[in-house]
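For reference, the chains in residue letters:
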Amino acid sequence: MRLWKRLYVNALENALNAIPNIEGVLLGYNTNIDAIKYLDKDDLEKRIEEIGKDKVFKVIENPSEKISSLEDLFGGILRSIKLGKAMEWFVESEEVRKYLREWEWDELRIGGQAGIMANLLGGVYGIPTIVHIPQNPKLQAELFADGPIYVPVFEGDELKLVHPKEAVADEEELIHYIYEFPKGFQVFDIQAPRENRFIANADDYNARVYMRKEFREGFEEIAKKVELAIISGLQVLKEHYPDGMTYRDVLDRVENHLNILNRYNVKTHFEFAYTANRRVREALIELLPKFTSVGLNEVELASIIEIIGDEELAKEVLEGHVFSVIDAMNILMDETGIERIHFHTYGYYLALTQYMGEEVRDALLFASLAAATKAMRGNLERIEQIRDALSVPTNERAMILEEELEKEFTEFENGIIDMTDRQLTFVPTKIVASPKSTVGIGDTISSSAFVSEFGMRKK
Ligand SMILES: Nc1ncnc2c1ncn2[C@@H]1O[C@H](COP(=O)(O)OP(=O)(O)O)[C@@H](O)[C@H]1O
Ligand SMILES: [Mg+2]
């Protein structure tokens, strides 16, 4: 434990010193507005009575999975409360979209993985950050932090970088309406067994990974301005769209972007997120050889192993057997040739890299501090706040894993295992006992580790 205390303190200093070395990072592709509302029993019951309680209650047992009417909307919310389950349904009706807008919200936040990471990397870490925003209405632009956050805009033929607030356009508001309820929340005779959220998604652009003109026509200029790129948001892809477009059309465009980034020696990270469609998941695995790095959790690693490995190993990964996780990471590296794999789960992180160095470990430790800060405060606002996370307890149970690793691998020192052609890095993480929020922690972990490792290796 004393060892890790010392390593955490050193890693924080090393990472903080290195972050100013990073000259530019690109974030694609998903950015939207998250409109959060904390549900109120009386308001909710009144609205449901107005629409017709019977009609709404029918949807609870026969979920429509999408929203074409107000019955669907409130039926979905009630179902989510009843089961205590997170659910996200797409809003198809214009009339319901208007209703949602008028129902208002308690809080607006930037949403989408790229949008959230822009406020972290640009707004908090001060790294020059270019972000893809499918649409740039005022309501969304104002949610971006001040700081070196940029969107590319054409001025004549020339591509200029400006803060989103300076490029506001009369474009669509892509809103994800998030309805939160606490454990025990009661409406009529329905009670929530645990806290959770229902999301009404009124965003036609990110659902099909729409790319704006600057990214279609000016990508080479954009790639020249950065050293790093982090790609996410591809998990939503569907096999087919009503207009005949398929996931292939999107992935061809992404592949073209990766070819350009690779040509300019930009290091690229792909942040995996659970991808329900198996075809799309397969295609994403096929794209991994074009990336430098990938970040994922236990569910996502298992879902990959279901495709490139076997069911038995996938099951063990899900159950959290550390040696199975290590086997799975090695299989993924064998299969794709990717240089860096960062696995995160509750209580510890692992990285498998085709290069050696203590920077890999220090980056994971820094990421753990950033994640704990975010969990504690709900939001990270200033980089100095990360120092407070040093006093958060380090996961004690990971010490048992550490002993097992020590027994299995003789060359294990300070979290680093030399596997001759690969380095395996293990760190026990900080755990916040009662987190204020856990939204976007995974992206905080992966992006913090990826950029800080690069910064430290650059010296
Ligand atoms: N209370 C907590 N304290 C510290 N870290 C946490 C806590 N809860 C979750 N985490 C970290 O957050 C990660 C969540 O990442 P992930 O599963 O990818 O979800 P998402 O991408 O939706 O944020 C977990 O793997 C874990 O490492
Ligand atoms: Mg994640």
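Residues numbered from 1 in each chain as written. Chains lettered and ligands numbered in written order. Predicted model: local features only at pLDDT ≥ 70, side-chain atom pairs only at ≥ 80, totals over all residues. Heavy atoms only, no water.

> Hey, could you go over the UniProt feature "binding site: Mg(2+)" (unreviewed entry) in the protein for me, with residue numbers and the actual values?
Here the UniProt-annotated "binding site: Mg(2+)" (unreviewed entry) positions come out as Glu271, Glu300 and Asp443. Spanning 173 residues, the annotated positions come together in the fold, the maximum distance between their C-alpha atoms being 13.7 Å. Structurally, Glu271 can be placed in strand 14 (residues 267-271). Ignoring anything within four residues of it in the chain, the contact list for Glu271 reads Gln113, Ile231, Ser232, Gly295, His344, Gly442, Asp443 and Ser446. In this structure the side chain of Glu271 is engaged in a polar contact, spanning 2.8 Å, whose partner is the side chain of His269. Locating Asp443 in the fold gives a position in helix 17 (residues 441-458). (UniProt positions renumbered as here; feature names shortened; annotations may be inferred. Helix = DSSP H or I, 4+ residues; strand = E, 2+ residues; numbered from the N terminus. Contact = heavy atoms within 4.5 Å. Polar contact = N/O pair within 3.5 Å; in protein donor to acceptor, adjacent residues only side chain to side chain.)

> Tell me about the site of ligand 1, and please be specific about residues and values.
In the vicinity of ligand 1 there are 13 residues, among which Asn297, His344, Thr345, Val432 and Gly442 approach most closely. Contact distances for ligand 1 include 2.9 Å between an oxygen atom and a backbone N or O atom of Thr345. Where the shell around ligand 1 is concerned, the elements lending two or more residues are strand 16 (340-345) and helix 17. In terms of residue count, helix 17 provides more of the shell around ligand 1 than any other element does, three residues in total. Its residues assigned to classes, the shell around ligand 1 shows seven nonpolar, five polar and one charged. (Near = heavy atom within 4 Å. Nonpolar A, V, L, I, M, F, W, Y, C, P; charged D, E, K, R; others polar.)

> A description of the packing of helix 11 (residues 278-287) against helix 12 (residues 298-308) should follow, citing residues and the corresponding values.
The N-to-C vectors of helix 11 and helix 12 enclose an angle of 90 degrees; their axes lie 10 Å apart at closest approach. In terms of orientation, helix 11 lies roughly perpendicular with respect to helix 12. Residues Arg278, Arg281, Glu282 and Ile285 of helix 11 pack against Ser303, Ile304, Glu306, Ile307 and Ile308 of helix 12. Each residue belonging to the contact of helix 11 with helix 12 can be placed in one class, and the counts come to four nonpolar, one polar and four charged. (Axes fitted to C-alpha atoms, helices over the stretch in contact; angles between N-to-C directions. Parallel < 35°, antiparallel > 145°, perpendicular 65-115°, else oblique.)

> I'd love a proper account of unusual backbone geometry, names of residues and values included.
Each neighbour pair has its own omega, and for Gly28 with Tyr29 the value is 0 degrees, a cis peptide bond. If you trace the backbone, Tyr29 turns up in strand 1 (residues 25-29). In this structure, Glu104 takes a positive phi of about 70 degrees despite not being glycine. Along the chain, Glu104 falls in the loop between helix 5 (94-103) and strand 5 (107-111). With phi around 60 degrees, Asn265 is a residue other than glycine that occupies positive phi space. Along the chain, the position of Asn265 falls in the loop between helix 10 (247-263) and strand 14.

> Kindly report on the domain arrangement of the protein, identifying the contributing residues and their values.
Here the protein is partitioned into domain 1 (2-29 + 209-458) and domain 2 (35-109 + 174-202). Taking the mean C-alpha position of each, domain 1 and domain 2 sit 33 Å from one another. (Domains from an automatic or database assignment.)

> Give me the lowdown on the pairing of strand 17 (residues 348-353), citing residues and values where you can.
For strand 17, the tally of buried residues reaches six of six residues, placing the bulk of the element in the interior. With burial as the criterion, each face of strand 17 is covered, one bearing Tyr348, Leu350 and Leu352 and the other bearing Tyr349, Ala351 and Thr353. Two elements, strand 16 and strand 17, share six bridges in a ladder whose sense is antiparallel. Bridge pairing links His342 to Ala351 in strand 17. Counting the residues that bridge the hairpin from strand 16 to strand 17 gives two residues, and of these Gly347 lies at a positive phi of roughly 105 degrees. Pairing of strand 17 with strand 20 (residues 423-428) involves six bridges; the strand directions are antiparallel. Bridge pairing in strand 20 links Thr353 to Gln423. (Buried < 20%, exposed > 50% of the residue type's maximum accessible area, 1.4 Å probe, protein only. Pairing = 2+ DSSP bridges.)

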